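# Residue-level structural notes
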Amino acid sequence: MKTIGALIWEPGTRSGWSVEDIEIDPPKSREVLIKLAASGICHSDDHVDTGDIPLDWGPIIGGHEGAGVIQEVGPDVEGTGFEVGDHIVLSFLPSCGHCRMCTIGKSNMCEMGAGVLGGFAPDGTHRVHARGQGVGPFSYLGTFSPYVVVNIDSCVKIPKDIPLDKAALIGCGVPTGWGSAMYAADITFDDTVVIVGTGGVGMNAVQGAKHRRAKNIITIDPNAYKRDQAKVFGATHSFASYDDAAETLAQLTNGQGADVVILTVDVLHGDLLNPAQEMTRRGGTLVVTAAAPVLQRDVPFDLFTFAMSGKRMQGSLYGTTIARRDIPLIADLYKRGEFKLDELITKTYKLEQINEAVQDMRDGKNIRGVITYDD
Ligand SMILES: NC(=O)c1ccc[n+]([C@@H]2O[C@H](COP(=O)([O-])OP(=O)(O)OC[C@H]3O[C@@H](n4cnc5c(N)ncnc54)[C@H](O)[C@@H]3O)[C@@H](O)[C@H]2O)c1
Ligand SMILES: [Zn+2]
Ligand SMILES: [Zn+2]
């Protein structure tokens, strides 16, 4: 079918997104065609343009935070539990359900997920074409288009009474932040937590900390709007910098430091790491969720203190969530009024406005900007 999509032809050159005509193939084995309601814009999409996530191939169709309705099913889908009309949140990492990592409850590490930035559909071919060339999808998805053809291993069914434009956010930013607090950090009710960077991911770490009934939820963000908004999601204190937070953190913890520090800034430059360790109490947990520039290698870090104070540093991919469990769970929490999705969406855009939307994200204007696709 013919539609439009937002592409980057030369990743890493800060070219911005090119909205143009694309051709999408029909679904192949175990694939479905989905008409999307919306796509969130995650900072990870921008990393492809800036080169913080370097790709040696192009063009890429961006977007990995989408939700929509199945329009058509390909061969071998019948009997898998997916059918036309199902409402789907696209998981930015697939879960095949039968590799070792999936079977030990770590589907965020599904072996199939290893190829998500390889430039092809999981079977090594292209579904999207532009200017006569194959186009690689971000995260096997490419939600910067009103339609996607995706493998069912990237699809998670949600109830039909959840608004799809809100549900789109449960494909990446929401579970990544929420899970970073719930699972990667394993926060408990007595904890003092510091969350550094409260955008589309970090605000959900705040929500996760609140669900775990953390005693103190301190957020740090240089952006005044984000500091105000953090309170809406459950922050008890908000500061502009590590230095500004230091005195209150010391008062709240008898000088010990935070039980948990979670890093959810836009780009994790190395100089942010050691101060985060310094804020973490002895035996506490430092969760690294934000993407660092992939090629960054030299990071100043006080390893002596780290070891001798028994701290734990925990990487957090997709918030350590299990997509097939946590996406429906978050949708249900939303339905019960226990999870904020509406408040995460600051502004909606048409696909043609994508570069404006990305600039707004870089300028810190949005918690999440969302592209909506109308009929
Ligand atoms: N680990 C994963 O699985 C995963 C998944 C999704 C996104 N990410 C990454 O998470 C990060 C956050 O993504 P996002 O979409 O929320 O970005 P965002 O742009 O919405 O939010 C980033 C926030 O960090 C703040 N910030 C910038 N510098 C700061 C500093 N020095 N101290 C405190 N705050 C600072 C910004 O003001 C902004 O509010 C990105 O690096 C993204 O690539 C990781
Ligand atoms: Zn993302
Ligand atoms: Zn798997």
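This one's a predicted model, so the numbers in the text were calculated from it and none came from an experiment. (Residues numbered from 1 in each chain as written. Chains lettered and ligands numbered in written order. Predicted model: local features only at pLDDT ≥ 70, side-chain atom pairs only at ≥ 80, totals over all residues. Heavy atoms only, no water.)

### Some thoughts on the pattern of salt bridges
- Per the stated rule, a full pass over the model turns up 21 salt bridges.
- Note that lysine 2 is salt-bridged to glutamate 23, the shortest N-O span being 2.8 Å. Of the two residues, lysine 2 sits in strand S1 (residues 2–8) while glutamate 23 sits in strand S2 (residues 18–24), which places them 21 residues apart along the sequence.
- On the basis of relative accessibility, which here comes to 32%, the residue glutamate 23 falls in the partly exposed class.
- Linking arginine 127 and aspartate 123 is a salt bridge whose minimum nitrogen-to-oxygen distance equals 2.9 Å.
- Exposure remark for arginine 127: the relative accessible area of 5% places this residue in the buried category.
- Since its relative accessible area comes to 44%, aspartate 123 is described here as partly exposed.
- The network of salt bridges with shared partners includes Lys347, Glu356, Asp360 and Lys365. (Salt bridge = Lys/Arg side-chain N within 4 Å of Asp/Glu carboxyl O. Helix = DSSP H or I, 4+ residues; strand = E, 2+ residues; numbered from the N terminus. Buried < 20%, exposed > 50% of the residue type's maximum accessible area, 1.4 Å probe, protein only.)

### Some words on the environment of valine 135
- Within the secondary structure layout, valine 135 lies in strand S8 (residues 133–137).
- Distance from valine 135 to isoleucine 220, taken between C-alpha atoms, is 38 Å for residues 85 residues apart in sequence.

### Details of the side chain of serine 238
- Secondary-structure assignment places serine 238 in strand S13 (residues 237–239).
- Polar side-chain contacts of serine 238 include one of 2.7 Å to the side chain of threonine 219. (Polar contact = N/O pair within 3.5 Å; in protein donor to acceptor, adjacent residues only side chain to side chain.)

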